[in-house]
Amino acid sequence: MTATLATLRKSRRVSQLELSLRTGVSQRHLSCIETGRSRAGRETLLALLDALGATLEERNQALLAAGYAPAHAERALDAPEMAPVRAALAQLIHANGAAPALVLDGDYNVVMANAGLARLMSLLGLDAEAMLAQPLNLLRAVFAPGGLRTLCVDEGWLCNEMWARASREAEHLPRLRALLDELRPTLAPWTVSETSSQLPVLAFRLRAADGRVLSFFSTITSFGTPLDITLASLKVEHLFPTDEVTREALATVAA
């Protein structure tokens, strides 16, 4: 669905009156803009989109629908001008002693990963070199029949959390929404249960190939002020050990 001012306002469940109060644009003028009887100036339209919290991609679509040039580029991560970004991502995930980490795009494709993640995959009995040498989509890998979800002690809880997070993000990302629609018919059911962790963070446990239970919590890092659609969708996820057993297991593989 093309993001127009009217569709964005309705998707955010914001009335014309509320949007008028947020921006100072009269409700009558808003109505005329949405019905096509009046054309908003570019700056006015951008102010309305700001008030609705539109994503960069939605801003571009709304601008194009109104007859204006898009405001934000969507560069490939390997483009020359993205070199400083790649360097920053590499510093984040390859720092000395870094926890297992991966960089995901908006569709949950793994675009970068560090040695710590490869060590973790080896502990889980996975062929890290083969998996990371080819395009890897985290949602496909987790939710495929017999996929990575089966390695999780709290499988139902983890599946519920991952699917809910992706579903929230998909509200504003058409490609991710299409991926979830594709995966939904193939999903095996899971029983949702509360996590047994007593930590003040969301933690999960994985079964290592040797029978040990490895426990982690994750953190997500994103760009605070992205001006590019690709950058706005990128997230860096680090998996930090929550106990000594997990720390020693990772250290042993590293050694």
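Since the structure is predicted, the reported quantities are computational estimates derived from the model, not experimental observations. (Residues numbered from 1 in each chain as written. Predicted model: local features only at pLDDT ≥ 70, side-chain atom pairs only at ≥ 80, totals over all residues. Heavy atoms only, no water.)

Trainee: Please provide a residue-by-residue account of the pattern of salt bridges, values included.
Mentor: Applying the stated criterion across every chain, the model contains 16 salt bridges. When the shortest N-O distance is used, the salt bridge between Glu58 and Arg12 registers 2.8 Å. Taken together, the positions of Glu58 in helix 5 (residues 56-65) and Arg12 in the loop between helix 1 (5-11) and helix 2 (16-23) put the pair 46 residues apart, joining distant regions of the chain. Since its relative accessible area comes to 18%, Arg12 is described here as buried. (Salt bridge = Lys/Arg side-chain N within 4 Å of Asp/Glu carboxyl O. Helix = DSSP H or I, 4+ residues; strand = E, 2+ residues; numbered from the N terminus. Buried < 20%, exposed > 50% of the residue type's maximum accessible area, 1.4 Å probe, protein only.)

Trainee: Give a detailed account of the sheet that holds strand 3 (residues 203-207), specifying residues and quantitative values.
Mentor: What holds strands together in a sheet is hydrogen bonding between their backbones, with the strands either parallel or antiparallel. Pairing is antiparallel in the open sheet, where five strands are placed in the order 2-1-5-4-3. Sheet topology places strand 2 (110-113) and strand 3 at the edges, where each strand pairs with a single neighbour. This sheet shows a mean twist of 30° between the axes of neighbouring strands, independent of strand direction. The sheet strands contacting helix 6 (residues 83-94) are strand 1 (101-104), strand 2, strand 4 (213-221) and strand 5 (235-241), and the helix crosses strand 2 at an angle near 55°. (Pairing = 2+ DSSP bridges. Axes fitted to C-alpha atoms, helices over the stretch in contact; angles between N-to-C directions. Contact = heavy atoms within 4.5 Å.)

Trainee: Describe the side chain of Glu58, listing the residues and the values that go with them.
Mentor: Owing to a relative accessible area of 8%, Glu58 belongs among the buried residues under this scheme. Only 3.3 Å separates the side chain of Glu58 from the side chain of His172, close enough to count as a polar contact. (Polar contact = N/O pair within 3.5 Å; in protein donor to acceptor, adjacent residues only side chain to side chain.)

Trainee: Tell me about unusual backbone geometry, and please be specific about residues and values.
Mentor: When glycine is set aside, most residues are seen to have a negative phi, and most peptide bonds are trans. For Arg13, which is not glycine, the phi torsion reads 55° and is therefore positive. Inspection of the secondary structure puts Arg13 in the loop between helix 1 and helix 2. For Arg13, a relative accessible area of 74% corresponds to the exposed category. Not every positive phi belongs to a glycine, and Tyr108 is a case in point at roughly 70°. Assignment of secondary structure puts Tyr108 in the loop between strand 1 and strand 2. Here Tyr108 falls in the buried class, since its relative accessible area comes to 1%.

Trainee: Residues and numbers for the nonpolar core, please.
Mentor: By size, the foremost hydrophobic cluster in this structure holds 38 residues, and its most contacted members are Leu120, Leu139 and Phe216. The biggest single contributor to this core is helix 10 (residues 155-170), with seven residues. Contact partners of Leu120, with chain neighbours within four places excluded, come to Pro100, Leu206, Leu214, Phe216, Leu239 and Leu250. (Core = buried A, V, L, I, M, F, W, Y, C linked by side-chain atoms within 4.5 Å.)

Trainee: Give a detailed account of the layout of surface pockets, specifying residues and quantitative values.
Mentor: It is a probe the size of a water molecule, rolled over the atoms, that shows where empty space is left. Estimates place the volume of the largest pocket at around 680 Å³. Ranked by residues supplied to the lining of the largest pocket, first place goes to helix 10 with six residues. Partitioned by chemical class, the residues of the lining of the largest pocket number 22 nonpolar, one polar and five charged. Within this model, the second largest pocket holds a volume of roughly 520 Å³. (1 Å grid on protein atoms, 1.4 Å probe; cavity = no way out; pocket = protein on both sides within 12 Å on 5 of 7 lines; lining within 4 Å. Points joined across faces, edges and corners; volume = space filled by probe spheres on them. Nonpolar A, V, L, I, M, F, W, Y, C, P; charged D, E, K, R; others polar.)

Trainee: I'd like to hear about the UniProt feature "domain: HTH cro/C1-type" (unreviewed entry) in the protein, residue by residue, with values.
Mentor: In the UniProt entry, the feature "domain: HTH cro/C1-type" (unreviewed entry) is given for residues 5-59. Structurally, residues 5-59 is divided into 69% helix and 0% strand, and its ends, taken at the C-alpha atoms, are 9 Å apart. (UniProt positions renumbered as here; feature names shortened; annotations may be inferred.)

Trainee: Describe the environment of Val213, with residues and values.
Mentor: When you line up the elements, Val213 lands in strand 4. For Val213, a relative accessible area of 38% corresponds to the partly exposed category. Along the sequence, Val213 and Leu151 sit 62 residues apart, while their C-alpha atoms lie 9.9 Å from each other. In this structure, Val213 is in contact with Val153, Arg205, Leu206, Val245 and Thr246, ignoring residues within four places of it in sequence.

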